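Given next are the chains, with one letter for each unit.
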Amino acid sequence: MTHYVGILDGAEDVWGVRVPDLPGCHGGGANPEEAIADATSAMREWAEARMAKQLPMPPPRTMADLLRAGEIDSGAGESAVMIPVLIDSGRPVRANLSLDAGLLAAIDEEAGRRGLTRSAFIASAAREKIEGHR
């Protein structure tokens, strides 16, 4: 899984994240967590659009590279965050998982409440955990 550096800046209830290696890709929110989550979604959409055109993803630069290039202005309150890009392949694969019976019952109950299959619920929970959503 590839990670890109996002540049976080903002104050009070206006926050933004831009991803220098993915031109035009950014996110925003009322707090840093919301801005990062929005940027994570934007990065997935950016990557999916690029892949639909059969274009390769740009290689991610390191934080050190971005600092040397002057892309991060820590004096202005900007900070760097690592954001994963998780792209669905569109090809489901069976997996054998072992879970506690009580946990599985809770998963099934919650999945049913949300109108999801067990697999869709577990995939959604895994994506949220990997992408750092709370």
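Residues numbered from 1 in each chain as written. Predicted model: local features only at pLDDT ≥ 70, side-chain atom pairs only at ≥ 80, totals over all residues. Heavy atoms only, no water.

Visitor: Could you give an account of a nonpolar patch on the surface, naming the residues involved and the relevant values?
Guide: There is a patch of nonpolar side chains on the surface, built from Leu97, Leu99 and Leu103 and spanning about 270 Å² of accessible area. Assignment of secondary structure puts Leu97 in the loop between β4 (79-85) and α3 (101-113). (Patch = residues over 30% accessible without salt bridge, like charges linked within 9 Å, V, L, I, M, F, W, Y side chains within 5 Å. Areas by Shrake-Rupley, 256 points an atom, 1.4 Å probe, with all protein chains shown as cover. Salt bridge = Lys/Arg side-chain N within 4 Å of Asp/Glu carboxyl O. Helix = DSSP H or I, 4+ residues; strand = E, 2+ residues; numbered from the N terminus.)

Visitor: Before we move on, could you go through a negative patch on the surface and cite the residues and values that matter?
Guide: Judged by side-chain charge, Glu33, Glu34, Asp38, Glu45 and Glu48 come together as a negatively charged surface patch. As for its placement among the helices and strands, Asp38 is situated in helix α1 (residues 32-52). (Lys, Arg positive; Asp, Glu negative; His and termini not counted. Charge placed at Lys NZ, Arg CZ, Asp CG, Glu CD.)

Visitor: Give a detailed account of the side chain of Glu131, specifying residues and quantitative values.
Guide: Along the chain, Glu131 turns up in helix α4 (residues 118-131). Separated by 2.8 Å, the side chains of Glu131 and Arg44 make a polar contact. Look past the residues within four positions of Glu131 in its chain and what remains in contact with it is Thr40, Arg44, Pro84 and Leu86. (Polar contact = N/O pair within 3.5 Å; in protein donor to acceptor, adjacent residues only side chain to side chain. Contact = heavy atoms within 4.5 Å.)

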